[in-house]
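Observations on the model geometry
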Amino acid sequence: MIRRKRHLTAFLCYKAGMTHVVRDLDRPGSKNHKKEIVEAVSVIDCPPMVVLGLTGYIRTQRGLRSIATVWAQHLPDQFKRTQYKRWFSSKKKAYSKYSKNLTASTKYYDKDVAKIRKYCSVVRVLAIGQASMINQGQKKAHVMQIQVNGGTTSEKVDFGLKLFETAVKVSDVFAPSEMVDAIGVTHGHGFEGVTHRWGTTRLPRKTHKGLRKVACIGAWHPARVAFTVPRAGQHGFHHRCIKNKKIYKIGKNVEEDPNNARCEADLTDKAITPLGGFARYGIVKNDYLLIKGTVPGPTKRPLTLRKMLRPNPSRYAIEEVSLKFIDTSSKQGHGKFQTQEEKEKFMGPTKRSTLRSMKAKKPKASTKGKGAAKASGTKEASKKAKK
């Protein structure tokens, strides 16, 4: 049996939008082997997660059962907000007694940790995704459990406790060219009829009481409608898992690397955010992932990326990806400029850019002279009034 290093198995992130990349295909036997190909990728915003707790599970005849949970001493407000319906009118005292008792004595804390070490076979950390770090206007964090794999139970517990109150980056969990599962909630379309929901053929034009229907929903007997018959109902907003999505690139945040979309073949200094920002999202400031194809859900919706459950032995899964170009043109029209400088160079001076440069060159008037003139003016006015 191979002993793997302790590691987290999932990460919480947010969908920003899509773009396309150019790369050389390395797939012997394919017609496009060693040729340039263009592929669509999803841009996933990945602010660092913060680990705040650890829980242990034992296996029973009815499945897993949690027997103990320990928390970090200092819990941020973005996590405490999840415990209240109305944060502004609450006393904001969630976990205050737990923190106070932990400061006084670690007796019960150590007891729970020892119980997890002794009895548990599954160890998971409780982590929050920092929704406040993306352009969403949300102050309440998203909370999730992430399983710790590799090593013995005691080693898993030590690994989880070391992560308490620390930020975990996406590069600590995944690696470039790795295959992952994308879990999320799809686009919602509300209550829809059978034609939109199942793609059934419309009935003839003169059909009585509508034609976007299913004509026969079954035989007289058995006297019930089979589950295979298309019916109207909820369309979209379903929990879905897309297996074996390939990570093409793990990019750093803008502070660490302002030119985080630069590639070996494309030396243009540019960030991953396209001109004008991602539609309905804005600017990607944190670490990001480029994943081949689409992922479930609209922009800003939380997305869970998980280590793949079923290993994929195909050549595509093993292939090492090296990008030559990442498109950063505007996604709100027929964009053809990669950077703002490139656009200004091609378009020439515009009215807006001219006004901006004139405002920058215009010297600021000194406030001292104005104040002295005002003071002298008020003194002369007061003298005239007295006369």
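Everything below is about the structure shown above.
This write-up is about the structure you can find in this document. (Residues numbered from 1 in each chain as written. Predicted model: local features only at pLDDT ≥ 70, side-chain atom pairs only at ≥ 80, totals over all residues. Heavy atoms only, no water.)

1. Considering the overall build of the protein chain
- When helices and strands are tallied, the protein chain shows nine helices and 15 strands.
- By principal-axis analysis of the C-alpha atoms, the protein chain measures approximately 110 × 75 × 55 Å.
- Here the protein chain holds 387 residues, and 36% of them are scored as buried.
- Of all intrachain contacts in the protein chain linking residues separated by at least 6 positions in sequence, the fraction that spans at least 24 positions is 75%.
- When the accessible area of the protein chain is evaluated, it comes to approximately 24800 Å², of which 54% is carbon and sulfur surface. (Helix = DSSP H or I, 4+ residues; strand = E, 2+ residues; numbered from the N terminus. Buried < 20%, exposed > 50% of the residue type's maximum accessible area, 1.4 Å probe, protein only. Contact = heavy atoms within 4.5 Å. Areas by Shrake-Rupley, 256 points an atom, 1.4 Å probe, with all protein chains shown as cover.)

2. Here's the deal with the packing of aromatic side chains
- One pass over the structure, following the stated rule, counts five aromatic pairs.
- Consider the rings of phenylalanine 337 and phenylalanine 346, whose centres lie 5.4 Å apart with planes at 50 degrees: the pair is tilted.
- Taken together, Trp71, Phe79 and Tyr95 form an aromatic cluster joined through their ring pairs.
- For lysine 246, the ring lying beneath its charged end belongs to tyrosine 316, and the centroid distance is 5.6 Å. (Phe/Tyr/Trp six-rings, centres within 6.5 Å; stacked < 30°, edge-to-face > 60°. Lys NZ or Arg CZ within 6 Å of the ring centre and 35° of its normal.)

3. Things to note about the side chain of aspartate 45
- Tracing the sequence through the fold places aspartate 45 in strand S3 (residues 36–46).
- Buried charge aspartate 45 goes without a salt bridge, the closest partner of opposite sign being lysine 285 at 9.0 Å.
- Among the polar contacts listed, one links the side chain of aspartate 45 to the side chain of tyrosine 281, at a separation of 2.5 Å.
- Contact partners of aspartate 45, with chain neighbours within four places excluded, come to Cys13, Tyr14, Ile134, Tyr281, Val284, Asn286 and Asp287. (Lys, Arg positive; Asp, Glu negative; His and termini not counted. Salt bridge = Lys/Arg side-chain N within 4 Å of Asp/Glu carboxyl O. Polar contact = N/O pair within 3.5 Å; in protein donor to acceptor, adjacent residues only side chain to side chain.)

4. Comments concerning the pairing of strand S4 (residues 49–60)
- Taken across its twelve residues, S4 has ten buried, putting it largely inside the fold.
- Relative to strand S6 (residues 122–129), S4 runs antiparallel, the two being bridged by eight bridges. Looking at S6, one finds that glycine 56 is bridged to valine 123.
- As defined by bridge partners, S4 adjoins strand S8 (residues 167–168) across two bridges and the pair is classed as antiparallel. Following the sheet pairing, methionine 49 is matched in S8 by valine 168. (Pairing = 2+ DSSP bridges.)

5. Description of the nonpolar core
- In terms of nonpolar packing, the biggest core is built from 71 residues, with Phe174, Leu289, Leu290 and Leu305 touching the most fellow members.
- It is strand S2 (residues 10–24) that contributes the most residues to this core, seven residues altogether.
- In contact with leucine 290, other than residues within four places in its own chain, are Val21, Val41, Ser42, Val43, Lys246, Ile247, Tyr248, Lys249, Ile272, Leu323 and Ile326. (Core = buried A, V, L, I, M, F, W, Y, C linked by side-chain atoms within 4.5 Å.)

6. Here we look at the pattern of salt bridges
- Taken as a whole, this structure holds 14 salt bridges when the rule is applied.
- For aspartate 24, the salt bridge identified is with lysine 324, shortest N-O distance 3.5 Å. Of this pair, aspartate 24 sits in strand S2 while lysine 324 sits in strand S15 (residues 323–326); the two residues are 300 residues apart in sequence, bridging distant segments of the chain.
- Shared partners join several salt bridges into a network, and the residues in it are Arg23, Arg27, Glu39, Lys292 and Glu319.

7. Quick notes on helix H3 (residues 107–119)
- In this model H3 runs 18 Å from its N-terminal to its C-terminal C-alpha over 13 residues, within 8% of the 18 Å that 1.5 Å per residue would give.
- Within the span of H3, buried status applies to Tyr109, Val113 and Ile116. Taken down its axis, H3 places every buried residue within 60 degrees of arc, on the same side. In this structure, H3 carries Lys107, Tyr108, Lys111 and Lys118 as exposed residues pointing more than 90 degrees from its buried face.
- In this structure, the buried residues of H3 make contact with S4, strand S5 (63–71), helix H2 (96–104), S6 and helix H4 (153–162). (Expected span 1.5 Å × (residues − 1). Arc of directions from axis to C-beta.)

8. Thoughts on the environment of valine 143
- Tracing the chain through its elements places valine 143 in strand S7 (residues 142–149).
- Residue class for valine 143 comes out partly exposed when judged on its relative accessible area of 40%.
- Along the backbone, valine 143 and threonine 82 are 61 residues apart, and their C-alpha atoms lie at a distance of 8.3 Å.
- Aside from chain neighbours lying at most four places away, what touches valine 143 is Phe79, Thr82, Ala127 and Ile128.

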